[in-house]
Amino acid sequence: MDGFAFWSLAVLAAVLVGMSKGGLPVVGMLGVPVLSLAISPVVAAGLLLPVFVLSDMFGLYAYRHAFDRRVLAIMLPAATLGVGIGWATASVVSEAAVTLLVGVVGLGFAANFLFSRRPAQPQPLRRGLGVFWGAVAGFTSFVCHAGAPPYQVFVLPLRLEKAVYAGTTTMVFAYVNAIKLLPYWALGQLDAANLQVAAVLVVPAVAAVFVGLRLVKIIPEPVFFRVVVWALLLVSCKLIWDGVAG
């Protein structure tokens with residue numbers, strides 16, 4: 001883990017992670033794929049997890065007054081279950097298969113959201129769907145840091161206010177990333193070398209948190225959500241490619 005190419009990609013990945021914690025969801029999912037251009041995806045996932053967790057602290061402070069309690073009450077226990085399933089099945093589940101599945105789900109949802117002619121009215125919160133998609137988000141976040149598409153399948157139709165959506169997303173994944181630390185350590189993905197590199201990458205990641213916060217404030221709400229869904233579509237296509245290639 002050295003050389004100009006590695007550090008350039010690592011810093012870019014850290015910036016993407018930080019911007020996602022500033023309220024620009026989905027872009028953080030690009031972190032592992034970007035860093036995987038230089039090192040293996042498994043090592044990249046372990047290396048970036050501490051960067052996710054430390055960046056989360058700044059996002060939590062920034063959005064401490066903007067979140068939806070109903071969504072948190074449903075998603076946090078469900079995501080805990082999903083992370084537990086991911087840990088229990090880590091030795092038998094194919095990362096490529098999960099990556100492909102996440103990509104297909106995200107692509108289908110984003111395409112329907114963007115191209116459907118139905119009126120864009122807020123949908124009622126359905127607890128059963130929240131439990132299901134929360135568990136899926138926890139599982140896929142554990143396996144490949146790709147919890148955003150399942151999460152958004154449940155949350156985007158609620159049409160939360162922009163800051164509330166960003167804050168709720170930040171809180172959900174701050175929690176998920178924190179509870180992933182123990183199983184990642186137990187699986188040997190948080191060794192001393194990874195932690196040393198992560199300590200350096202935290203600096204650009206934290207700076208990018210504030211860039212994300214600024215962008216959320218100045219982007220009009222309709223544009224914000226359209227950008228989020230287009231980003232989901234593009235990332236889903238990348239995940240499908242990675243899943244098939246893997």
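Residue numbers restart at each chain and count upward from 1, following the sequence in its written direction. Thresholds applied to this predicted model are a pLDDT of at least 70 for local features of residues and 80 or more for the giving and counting of side-chain atom pairs; totals over whole chains, interfaces and linings are not thresholded and use all residues. Processing note: side-chain calculations cover all non-hydrogen atoms of the structure and skip hydrogens and water entirely.

Draft legend 1. View of the layout of surface pockets. One number sums up the size of the second largest pocket: a volume of about 270 Å³. Note on definitions: the grid is 1 Å and covers protein atoms alone; a cavity is a set of points where a 1.4 Å probe fits but cannot get out; a pocket is an open set with protein on both sides within 12 Å along at least five of seven lines; lining residues have an atom within 4 Å of a point. Lining the second largest pocket are 16 residues, with Ser 36, Pro 41, Glu 95, Thr 99 and Asp 242 sitting closest to its centre. In DSSP terms, a helix is any run of H or I states spanning at least four residues, a strand is any run of E spanning at least two, and both are numbered starting from the N terminus. Sorting the residues of the lining of the second largest pocket by element identifies helix H2 (31-35), helix H3 (41-62), helix H5 (95-115) and helix H10 (221-245) as the ones contributing at least two each. With four residues, the single largest contributor to the lining of the second largest pocket is H10. Grid points are joined across faces, edges and corners, and a volume is the space filled by probe spheres set on the points.

Draft legend 2. The arrangement of a nonpolar patch on the surface in detail. Together, Trp 87, Leu 182, Trp 185 and Leu 187 make up a nonpolar patch on the protein surface, roughly 450 Å² of accessible area in all. By the element assignment, Trp 185 lies in helix H8 (residues 162-186). Residues forming no salt bridge and having over 30% relative accessible area are the ones grouped into patches, like charges within 9 Å of each other and nonpolar side chains (Val, Leu, Ile, Met, Phe, Trp, Tyr) within 5 Å. Values of accessible area rely on a 1.4 Å probe in the Shrake-Rupley scheme; residue burial ignores everything except the protein chains shown. For this document, the term salt bridge refers to a Lys or Arg side-chain nitrogen within 4 Å of an Asp or Glu carboxyl oxygen.

Draft legend 3. Representation of the nonpolar core in the model. To qualify as a nonpolar core, a set must consist of buried Ala, Val, Leu, Ile, Met, Phe, Trp, Tyr and Cys residues joined through side-chain atoms within 4.5 Å. The rule is simple: take the accessible area with a 1.4 Å probe, protein chains only, and divide by the maximum for that residue type; under 20% is buried, over 50% is exposed, in between is partly exposed. In this structure, Tyr 165 and Phe 224 are the most contacted members of the largest nonpolar core, which totals 55 residues. Contributing elements (two or more residues each) for this core: H3, helix H4 (69-88), H5, helix H6 (127-144), helix H7 (148-155), H8, helix H9 (192-218) and H10. Counting residues per element, this core draws most heavily on H10, which supplies eight residues.

Draft legend 4. Spotlight on unusual backbone geometry. In this model, Arg 159 sits at a positive phi of 55 degrees, which is unusual for a non-glycine residue. Its location among the elements puts Arg 159 in the loop between H7 and H8.

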